[in-house]
Structure formats: C-alpha cells, structure tokens
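What follows is the residue order along each chain.
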Amino acid sequence: MGFFDGFFDGIRGSRALQFDTGNASDAIELTKRRPTVSLTKQGAVHGNLRVNLSWRMRTSDIGEGGGHGSRLLRHPLRLFKPEMVQGHTQGMVNVDLDIGCLYELADGTRGVVQPLGNLLGDINSPPYVKLSGDDRFGAPSGETVFVNLDHAEDIKRLLVFVYIYDQTPAFDRTHAMVTLYPITGPRIEIPLDERHPQARSCAVVSLEHAKGELIVRREVKFVYGFQSELDRLYGWGLQWGRGYKTTKA
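Numbers given for residues are sequential positions, taken from 1 along each chain in its written order. Where local features are concerned, this predicted model is filtered to residues with pLDDT of at least 70; where side-chain atom pairs are given and counted, the filter is 80 or more; whole-chain, interface and lining totals use all residues. Note that water and hydrogens are dropped before the side-chain values are worked out from all heavy atoms of the structure.

**Describing the overall build of the protein chain**
The condition is simple: A helix here means a DSSP run of H or I that spans at least four residues, while a strand means a run of E at least two residues long, and both kinds are numbered starting from the N terminus. Areas reported as accessible are Shrake-Rupley estimates using a 1.4 Å probe. Residue values count occlusion only from the protein chains shown.
A count of helical and extended segments in the protein chain gives four helices and 15 strands. Of the roughly 11,800 Å² of accessible surface on the protein chain, a fraction of 50% belongs to carbon and sulfur atoms.

Structure representation (structure tokens):
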C-alpha cells in the first residue's frame, strides 16, 4: 500500500473528537536541554492523549506598524476581532500547516495518519491513532491527533510531524506549537521556534517505549522535503508517492 507526499488542496476535517484532555493548568516545555518526559511517571499511560497543532503569524508579517496598544487606541473594535482576522494578508493565507503521525505497532505494522489520502486512522482499532480537524487559518483549535493509550502496549513508536502547504516554505513566518494533553498531569509543549526559512517539514515529537516507560521526546528536526524525507531520517521504510487531499462539501 502506498502513502502520499507533496502539495495539495485543502479539505475540511472531520468533526473534532471529544475526549478528556487532562489538567491543562500547568505545562512542561520540552527543550534541547530537557528533551524528554515520561508519561509513565505521570501516571498518564491510559485514556486518550490529545496532540494539538496551533500556529499564528509572526508580528512582523502582519503588515501593520506601531505597537499593539497604539493600534487598539486607533481602532478599538479590533479588540473584538481574532488576531488571525487582523493579520489576514495574502502571505498569511499561503501559510497552511498540517499535522500527521507515523506509527509502528508492536506487531510490526507501519503506516501514517494524515489528511492526505484521507488516512485519518482509528481510535479504537489499529493503529489506535486518529486525526481530527484541518484548519487552514491557524485558529486556536488547530489540528488534533488522538492516541488511545489504553492500547499503549500495542504501539511501538509514534512520530508526530508538521508540514506546509501551497509551495510556501514559511516555518520562519509562524509561531507554531505542538501541545500534548495527557489524561492526567501537565500538558507538554513543543514550540517550533527555530528559523528554517526553506524547510517544508518538521519531525516534532516522538513517543516510544524505553526501559518500561512510555517516553515523550522532543525531536524538532526540520527537513526540506516531505514525509518521505522524514521516513528516511527515522527509518520507517514506507513507500511514498505524490498524492492529494480531497475537498469535502
């Protein structure tokens, strides 16, 4: 079975799945100095882990001079407009980030969950990974991957990645964040704040069993190709071909 790689038209994703998302009052940021956290030690290897992608344009790309406060004084109604509407320039429209997840199960099955090819996965059956949502304007809900950790023993490893649409490399023009919401314990944040102007994909975070624990590891490795390049980098061994997302009515 082939998987897909390339540039595509957008779709509207399926309705967001409603799951418990743990305690969101605290956060752990994974950094180069602190790249890992154990979900096992948090007591969070059960229920549905939510992995969310969100982003917004960097202020310098919005196209308005002056400070935020002075703009509000001149245009007080802007206070009630979403930031992304205020910054709705052609450059912003061309920035379309998407989330996906490479998986390898304990029985050796490998594959990918992503909007491309309508490979949305399944939360209650293999691969126990489900994609919900496709947001072309960086709204706070972003896109979400759910992982059923009640089947953690059936999952060998996962790699969550982000890539860009519309032939516009723009990781350096966005503030992107991938956030994990375990069923218990603090959320886990991985900001994509490195400047890689020509990068089109980024391996963001991995989940893998190590010494009896389920470990979340910061990756944040930018590449200049798409899923096939991430596959080679991490040794997944899938067959990739050019593909397209279908537009839902």
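**Digging into the environment of Pro186**
Where we set the bar: Throughout this description, buried means an accessible area under 20% of the type-specific maximum (1.4 Å probe, protein chains only), exposed means over 50%, and partly exposed covers the range between.
Here Pro186 lies in the loop between strand E11 (174-181) and strand E12 (187-192). Taking the relative accessible area as the measure of exposure, Pro186 reaches 21% and is therefore partly exposed. Separated by 160 residues in the primary sequence, Pro186 and Asp26 place their C-alpha atoms 4.9 Å from one another.

**A few points about the pairing of strand E13 (residues 201-210)**
The line we're drawing: Two strands form a pair only when DSSP identifies at least two bridges running between them.
With respect to burial, E13 is a largely interior element, seven of its 10 residues being buried. In terms of strand pairing, strand E10 (residues 155-164) meets E13 through seven bridges, oriented antiparallel. Bridging across to E13, Arg157 finds its partner in Glu208. Where E13 meets strand E14 (residues 213-223), nine bridges bridge the pair, whose relative direction is antiparallel. Bridge pairing in E14 places Ala210 opposite Glu213. Following E13, the chain reverses through two residues before pairing antiparallel with E14; Lys211 in that reversal takes a positive phi of roughly 55°.

**Considerations on the sheet that holds E13**
The condition that has to hold: An axis is simply a line fitted to the C-alpha atoms; with a helix, the fit covers only the stretch in contact. Between two such axes, the angle follows the N-to-C directions and lies from 0 to 180 degrees. Whether two residues are in contact is decided by their heavy atoms, any of which lying within 4.5 Å being enough.
Taken in spatial order, the six strands of this open sheet run E3-E14-E13-E10-E5-E6, and their pairing is antiparallel. For this open sheet the edge positions go to strand E3 (36-38) and strand E6 (110-113), each flanked by a neighbour on one side alone. The sheet shows a mean angle of 20° between the axes of neighbouring strands, direction not considered. Contacts between helix H4 (residues 227-234) and the sheet are confined to E10, E13 and E14, with E14 contributing the most and set at about 125° to the helix.

**Structural notes on the nonpolar core**
Operational definition: We define the nonpolar core as a collection of buried residues of types Ala, Val, Leu, Ile, Met, Phe, Trp, Tyr and Cys that are connected through side-chain atoms lying within 4.5 Å of one another.
Judged by nonpolar contacts, the single largest core of 44 residues is most densely connected at Leu39, Phe171, Leu180, Leu192 and Val216. In contact with Leu180, other than residues within four places in its own chain, are Leu49, Arg50, Val51, Arg187, Ile188, Ile190, Val205, Leu207 and Val216. Formed by 15 residues, the second largest nonpolar core is a distinct cluster that contains Val112, Ala203, Leu230 and Leu238.

**Overview of the side chain of Glu143**
Short version of the rule: Pairs of N or O atoms are called polar contacts if they sit within 3.5 Å, as long as, within protein, a hydrogen donor faces a hydrogen acceptor (for residues adjacent in sequence, only side-chain-to-side-chain pairs).
Assignment of secondary structure puts Glu143 in strand E9 (residues 143-148). Glu143 gets classed as buried once you look at its relative accessible area, which sits at 0%. Within the structure, the side chain of Glu143 is placed 2.8 Å from the backbone nitrogen of Ile99, a separation counted as a polar contact.

**Remarks on the pattern of salt bridges**
We count it as follows: Take a side-chain nitrogen of Lys or Arg and a carboxyl oxygen of Asp or Glu: if they are within 4 Å of each other, that pair is a salt bridge.
A full pass over the atoms with the stated rule returns five salt bridges. Where Arg110 meets Glu104, a salt bridge forms, and the shortest distance between an N and an O atom there is 3.3 Å. Residue classification places Arg110 among the partly exposed positions, given a relative accessible area of 33%. The partner of Lys221 in a salt bridge is Glu219, with the nearest N and O atoms 3.9 Å apart.

**Re the pairing of E14**
In terms of burial, E14 is a largely internal element, eight of the 11 residues being buried. Summarising the sheet, E3 and E14 pair through three bridges and their orientation is antiparallel. Residue pairing across strands places Val37 opposite Val216, the latter belonging to E14.

**Some details on the packing of aromatic side chains**
For clarity, the threshold we go by: Any two rings among Phe, Tyr and Trp, with Trp reduced to its six-membered ring, count as a pair given centres within 6.5 Å; such a pair is stacked if its planes are under 30 degrees apart, edge-to-face if over 60, and tilted if neither.
Per the counting criterion, the structure on display carries two aromatic pairs. Summarising the aromatic geometry, the rings of Tyr163 and Phe226 are spaced 6.4 Å apart at their centres and angled 85° between planes, so their arrangement reads as edge-to-face. Linking Tyr163 in strand E10 with Phe226 in the loop between E14 and H4, this pair joins segments that are 63 residues apart in sequence. The exposure class of Tyr163 is buried, given its relative accessible area of 0%. The class for Phe226 is buried, based on a relative accessible area of 9%. What links up through ring pairs into an aromatic cluster is the set Phe161, Tyr163 and Phe226.

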